[in-house]
Amino acid sequence: MGKYVQTLSRVGLGLTLVGTIILLLWPSDLSFLNQPKTILSVLAALVTWILAEIKTSEEFVPRRSSPNDIRVAERLLRLYANSFRTLLKDHDLRQFLDDDYFLSMRELINDKSVGALIFQNRKLELMLEEFISQLRELDMFVSVNTTPEIIAGRSRTGFKTLEYVPNDEYERLSLLGEQANDLASRAWIGLENLIKEVHRHIPEALDNPIKIQS
């Protein structure tokens, strides 16, 4: 908010100076009023300057987001930087992955289903609904086509088996894994687009640094 005020203060100071100059140099002869082109040119110049000042100023950052939107945005930013980056972007789903990653996805889906995850910003809400729909499609595909395995004491899921399988079964699972990767990549693109709009519409969510989990 402080930076926003600085920009408005600078614009106000400029208008004050212009007004003072006009008062000091105001002519006794008002014949210039018969020249509307001159008046319009001055007004156009003032409006252009004010708009350029607001648009180009690095200090002008509107900050009017609701506490709810900030909370939702911060949660998505954490997922984007951590578990969803692994699940949707970096990991090959044909290989085993700790089920905690899938659990974080299912928790988000469930919170959306029960109305605990809603943006009040209409544009962001539509993008969130689309992203959650992509997650549901991925979750359903993984749930139907895989069975969790206990590996080193942890439940893990992947499009493969621990035991030997015939070549045709191996190829079938590999193809399913590629389809799962495609669904994950689509969801990642949806999340990236959503995060870009979060940066634009909810700058308050960036005030607290996101902790990157190793």
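Our subject is the structure listed above.
Residues numbered from 1 in each chain as written. Predicted model: local features only at pLDDT ≥ 70, side-chain atom pairs only at ≥ 80, totals over all residues. Heavy atoms only, no water.

**Notes on the overall build of the protein**
Counting its secondary structure elements, the protein contains seven helices and three strands. If you list the helices and strands of the protein from N to C, you get α-α-α-α-β-α-α-β-β-α. Counting across all 214 residues of the protein, residues that qualify as buried make up 34%. Only carbon and sulfur atoms are counted for the fraction: they give 58% of the accessible area of the protein, which is about 13500 Å². (Helix = DSSP H or I, 4+ residues; strand = E, 2+ residues; numbered from the N terminus. Buried < 20%, exposed > 50% of the residue type's maximum accessible area, 1.4 Å probe, protein only. Areas by Shrake-Rupley, 256 points an atom, 1.4 Å probe, with all protein chains shown as cover.)

**Regarding the packing of aromatic side chains**
With the rule as written, the count across this model stands at three aromatic pairs. We note R85 situated over the ring of Y80; from NZ or CZ to the ring centre the distance is 4.8 Å. (Phe/Tyr/Trp six-rings, centres within 6.5 Å; stacked < 30°, edge-to-face > 60°. Lys NZ or Arg CZ within 6 Å of the ring centre and 35° of its normal.)

**Quick look at the packing of helix α4 (residues 83-90) against helix α5 (residues 99-113)**
At a closest axis distance of 9 Å, the pairing of α4 and α5 adopts a crossing angle of 105°. Here α5 runs roughly perpendicular to α4, going by the angle between their axes. Seen from α4, the contacting residues are S83, F84, T86 and L87; seen from α5, they are Y101, F102, S104, M105 and L108. When grouped by side-chain class, the residues that make up the contact of α4 with α5 number six nonpolar, three polar and no charged. (Axes fitted to C-alpha atoms, helices over the stretch in contact; angles between N-to-C directions. Parallel < 35°, antiparallel > 145°, perpendicular 65-115°, else oblique. Contact = heavy atoms within 4.5 Å. Nonpolar A, V, L, I, M, F, W, Y, C, P; charged D, E, K, R; others polar.)

**Concerning unusual backbone geometry**
For A152, which is not a glycine, the phi torsion comes out positive at approximately 55°. On the secondary structure map, A152 appears in the loop between β2 (149-151) and β3 (154-157).

**So, the environment of R106**
Relative to the elements of secondary structure, R106 occurs in helix α5. Given a relative accessible area of 32%, R106 falls into the partly exposed group. Along the sequence, R106 and I132 sit 26 residues apart, while their C-alpha atoms lie 9.9 Å from each other. When sequence neighbours within four positions are dropped, the list of residues in contact with R106 reads D139, V142 and S143.

**Considering the sheet that holds β2**
Strand order in the open sheet formed by three strands is β1-β3-β2, and the pairing between neighbours is antiparallel. Looking at strand neighbours, the two that pair on one side only are β1 (97-98) and β2, the edges of this open sheet. Here three bridges tie β2 to β3, and the two strands are oriented antiparallel to one another. The residue of β3 that forms the bridge with I151 is R154. (Pairing = 2+ DSSP bridges.)

**Thoughts on the pairing of β3**
Looking down a regular strand, the side chains alternate between one sheet face and the other. Across two bridges, β1 lies against β3 in antiparallel orientation. Bridge pairing in β3 places D98 opposite R156.

**Side note on the nonpolar core**
F84, L88, L93, L108, F119, F131 and L135 are the most contacted members of the largest nonpolar core, which totals 40 residues. Only α3 (67-81), α4, α5, α6 (122-145) and α7 (167-201) provide two or more residues apiece to this core. Sort the elements by how many residues they give to this core and α7 lands first, with 11 residues. Apart from the residues lying within four places of it in its own chain, the contact partners of L93 are L87, F102, L138, G158, F159, A180, N181 and A184. (Core = buried A, V, L, I, M, F, W, Y, C linked by side-chain atoms within 4.5 Å.)

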